[in-house]
Number of protein chains: 2
Amino acid sequence: MKREDSSPTACVLIIGDEILSGRTQDSNLAFIGKRCDKLGIRLRETRIIPDVAETIIAAVNECRRRFTYLFTTGGIGPTHDDRTAAALARAFNVKLIRNPDALAALDKYYAAGRLNEARLKMADIPETARLIDNPVSGAPGFQLENVFVLPGVPLIMQAMFEGIVDRLSGGEPMLIRSMATNLTEGMIAAALDELQERYQDLSIGSYPYFKQGKLGVNVVSRGTDKVRLDELAGELEEMILNLNGKVLLSDT
Amino acid sequence: MKREDSSPTACVLIIGDEILSGRTQDSNLAFIGKRCDKLGIRLRETRIIPDVAETIIAAVNECRRRFTYLFTTGGIGPTHDDRTAAALARAFNVKLIRNPDALAALDKYYAAGRLNEARLKMADIPETARLIDNPVSGAPGFQLENVFVLPGVPLIMQAMFEGIVDRLSGGEPMLIRSMATNLTEGMIAAALDELQERYQDLSIGSYPYFKQGKLGVNVVSRGTDKVRLDELAGELEEMILNLNGKVLLSDT
């Protein structure tokens, strides 16, 4: 597929020691990736970085310039290791202020007397930011230019993402077809290469798996033209059968 | 915890459209992250990038200079979308050559007549590279200076990682303790902040969760001093009980 399409691009910045260490499995990328496909936004890079202010600032400033949109997840809670909001203020060289609308949202969410000093920290937002409503747990995210700052808890992040969709300009939705086979990569590589040559408007990916002692491949086709994807799917099926393989349900 | 410790650092570069899209869940980071903790190597960043040569080259050249070690996963198979080996050769400005030892390994693995042209591609290795044995499926990975090029299939990657451990210089192993509570972040934030102040040699992370309608927090402590971690664990437990919370088994 031509990588030079004119669609908007995106980067996801996952902030958090616990995701970076690999001990907690991220699931926000999967959600944002699928939403971007549907919105016609091309997700081009993901970075996972620790809760370190300087690292956050450097990554934000690099990525917001390289991509149309930057989505960050994590680090906007009430604890000492939540450093994203303050880092974003520094990245954009604006003040971190107690935002009255954020304060009102927190005040509405928490029962009387429970909005303590730690929770009030979640109302501290970069001065020029536009809030992102949190319909689940009160504390808002925020947008600074092309950067969307979202929380790390998946259910809350997902609800908040839906609230920013109308601020995003998409392109043509990315369509995906996937098919698995018990053939191995080495057996299909030549035929797959030939297909990719003839379908340059689509991207064909080959992803080997090794499960329960069995090797196989998931073949994933991506593109914006449904008719062409259907044609390719037909040819892929034929290719697998010609090589005496089985067409299996893909699990991707 | 002091981020300025003198331990070696690492970056993981996950190469592959399918991981980047979020449709396939990566599990290599979790493995490498845990192995780095044990080896005393500080994992500082992870990037997920597509199978695009220019993107791979730029990321490799940036990250290999910033970190002691760079581990890449993915993109060294036989298909058209496996572009990592060629990209690494370009990143290091060396030739991609058919490596005789890699060829011998493939020849040994594949039954007579099955080592086709596509599979032979897996013997094409940057000229100055040192091979990394693949005890599972023949095709080797390789090392170029501080960059270790590993496959994407988790079981194979894991087996190959064990083969490079003696090429890595570690520091003090990172020890981790984790504890969960039904208290929310806002309830523990002040006490946790006070603990972090007193335990500056350790890093205390607070990770909220929201599962089956219940909020809670995993508190994860990291550091190199077992005695201090045990002391902190005792204080964390006391903190939770003092706030009328429950100490739960952490799932991280």
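See the structure above.
Residues numbered from 1 in each chain as written. Chains lettered and ligands numbered in written order. Predicted model: local features only at pLDDT ≥ 70, side-chain atom pairs only at ≥ 80, totals over all residues. Heavy atoms only, no water.

Asks: What exactly am I supposed to notice about helix α4 (residues 84-91) of chain A here?
Replies: In an α-helix there are 3.6 residues to a turn, and that puts residues three or four apart on one side. Residues and elements named next belong to chain A. Counting buried positions over the eight residues of α4 gives six, a clear majority of the element. Taken residue by residue, α4 has T84, A85, A87, L88, A89 and A91 as its buried positions. Among the residues trailing α4, N93 stands out with phi positive, at a value near 55°. (Buried < 20%, exposed > 50% of the residue type's maximum accessible area, 1.4 Å probe, protein only. Helix = DSSP H or I, 4+ residues; strand = E, 2+ residues; numbered from the N terminus.)

Asks: Whenever I open this one, the interface of chain A and chain B confuses me. Can you help?
Replies: Taken together, the contact pairs 61 residues of chain A with 61 residues of chain B. Of all the elements in the fold, those that place two or more residues in the side of chain A that touches chain B are α1 (17-20), α2 (28-39), β2 (42-49), α6 (117-120), β9 (175-181), α8 (185-198), β10 (203-211) and β11 (214-223) of chain A. Where β2(A) lies against strand β2 (residues 42-49) of chain B, three bridges are found, and the strand directions are antiparallel. Counterpart to A:I48 in the pairing with β2(B) is B:T46. (Contact = heavy atoms within 4.5 Å. Pairing = 2+ DSSP bridges.)

Asks: Explain the relation of the copies chain A and chain B to me, please; I cannot follow it from the model alone.
Replies: To go from the first copy of the chain to the second, apply a rotation about an axis and then a shift along the same axis. The transform that puts chain A on chain B rotates by 180° and translates by 0.0 Å along the axis, for an RMSD of 0.0 Å. Overall, the copies show the geometry of a two-fold rotation axis. In terms of proximity to the rotation axis, the leading residue of chain A is A:R47, whose C-alpha is 2.2 Å off the axis. (Least-squares fit on C-alpha atoms with pLDDT ≥ 70 in both.)

Asks: How do you make sense of the pattern of salt bridges when you look at a structure like this?
Replies: Any two side chains of opposite charge can pair, so long as their charged atoms come close to each other. Taken as a whole, this structure holds 34 salt bridges over all chains when the rule is applied. With a shortest N-O distance of 3.5 Å, B:E18 and B:R23 are connected by a salt bridge. (Salt bridge = Lys/Arg side-chain N within 4 Å of Asp/Glu carboxyl O.)

Asks: How should I be thinking about the packing of helix α3 (residues 53-66) of chain A against α4(A) in this particular structure?
Replies: How two helices sit against one another is set out by the angle between their axes and by the gap between those axes. Residue and element names in this part refer to chain A. Two elements in contact, α3 and α4, have axes separated by 9 Å at closest approach and are oriented at 55°. By the angle between their axes, α3 is oblique relative to α4. The handedness of the crossing between α3 and α4 comes out as right-handed. Residues A53, E54, I56, I57, V60, N61 and R64 of α3 touch α4, and the partners they reach there are T84, A87, L88, R90 and A91. Of the residues in the contact of α3 with α4, the class split is seven nonpolar, two polar and three charged. (Axes fitted to C-alpha atoms, helices over the stretch in contact; angles between N-to-C directions. Parallel < 35°, antiparallel > 145°, perpendicular 65-115°, else oblique. Left-handed = near helix turned anticlockwise from the far one by under 90°. Nonpolar A, V, L, I, M, F, W, Y, C, P; charged D, E, K, R; others polar.)

Asks: Looking at this structure, how should I read the sheet that holds β2(B)?
Replies: For sheets, the rule is that strands pair by backbone hydrogen bonds, running either parallel or antiparallel. Strand order in the open sheet formed by 12 strands is β6(A)-β7(A)-β8(A)-β3(A)-β1(A)-β2(A)-β2(B)-β1(B)-β3(B)-β8(B)-β7(B)-β6(B), and the pairing between neighbours is mixed. Every interior strand has two partners, whereas the edge strands, β6 (130-132) of chain A together with β6 (130-132) of chain B, have only one. Between one strand axis and the next, the sheet turns through 20° on average, direction left out of account.

Asks: I keep staring at the environment of A:A91 and nothing clicks. Help me out?
Replies: All names here are of chain A. Mapped onto the elements of the fold, A91 is located in helix α4. On the basis of relative accessibility, which here comes to 8%, the residue A91 falls in the buried class. Distance in space between the C-alpha atoms of A91 and V60 is 7.0 Å, their sequence separation being 31 residues. Setting aside residues up to four positions removed in sequence, A91 forms contacts with I57, V60, N61 and R64.

Asks: Would you take a moment to explain the side chain of A:R47 for this structure?
Replies: Along the chain, A:R47 turns up in strand β2. In this structure the side chain of A:R47 is engaged in a polar contact, spanning 2.9 Å, whose partner is the side chain of A:E62. Residues contacting A:R47, with those up to four places away along its chain left out, are A:V12, A:L13, A:I14, A:A59, A:E62, A:C63, A:R66, B:E45, B:T46, B:R47 and B:E62. (Polar contact = N/O pair within 3.5 Å; in protein donor to acceptor, adjacent residues only side chain to side chain.)

Asks: Could you clarify how one ought to interpret the environment of B:V247 in this entry?
Replies: Residue and element names in this part refer to chain B. Structurally, the position occupied by V247 is in strand β12 (residues 247-248). Spatially, the C-alpha atom of V247 lies 43 Å from that of V60, the residues being 187 residues apart in sequence. Non-local contacts of V247, meaning those with residues more than four positions away in its chain, are made with M179, A180, E237, I240 and L241.

Asks: Please clarify how the packing of aromatic side chains should be interpreted in this entry.
Replies: Two descriptors summarise a pair of aromatic rings, namely the distance from one centre to the other and the angle between the planes of the rings. Evaluated as defined, the whole model comprises 12 aromatic pairs over all chains. Where A:Y109 meets A:Y110, the ring centres are 4.9 Å apart and the plane angle is 90°; that geometry is what we call edge-to-face. Take A:Y109: its relative accessible area is 36%, and that puts it in the partly exposed class. Its relative accessible area of 17% is what places A:Y110 among the buried residues. Centroid distance B:F71 to B:F161: 5.4 Å. Interplanar angle 50°. Geometry classified as tilted. Taken together, the positions of B:F71 in strand β3 (residues 69-73) and B:F161 in helix α7 (residues 154-162) put the pair 90 residues apart, joining distant regions of the chain. Assessed through its relative accessible area of 0%, B:F71 is described here as buried. An aromatic cluster of at least three residues, connected via ring pairs, comprises A:F31, A:Y69, A:F71, A:F148 and A:F161. For A:R64, the ring lying beneath its charged end belongs to A:F92, and the centroid distance is 3.8 Å. The lysine or arginine in question, A:K211, covers the ring of A:Y209, its NZ or CZ lying 5.0 Å from the ring centre. (Phe/Tyr/Trp six-rings, centres within 6.5 Å; stacked < 30°, edge-to-face > 60°. Lys NZ or Arg CZ within 6 Å of the ring centre and 35° of its normal.)

Asks: Help me understand the sheet that holds β11(A) in this model?
Replies: Residues and elements named next belong to chain A. In space, the four strands of this open sheet follow the order β10-β11-β9-β12, with antiparallel pairing throughout. Of all strands in the sheet, those with a lone pairing partner are β10 and β12 (247-248), marking the two edges. In terms of strand pairing, β9 meets β11 through seven bridges, oriented antiparallel. Opposite S178, over in β11, you have V220 as the bridge partner. Strands β9, β10, β11 and β12 of the sheet are contacted by helix α9 (residues 226-242), whose axis makes an angle of about 5° with β9.

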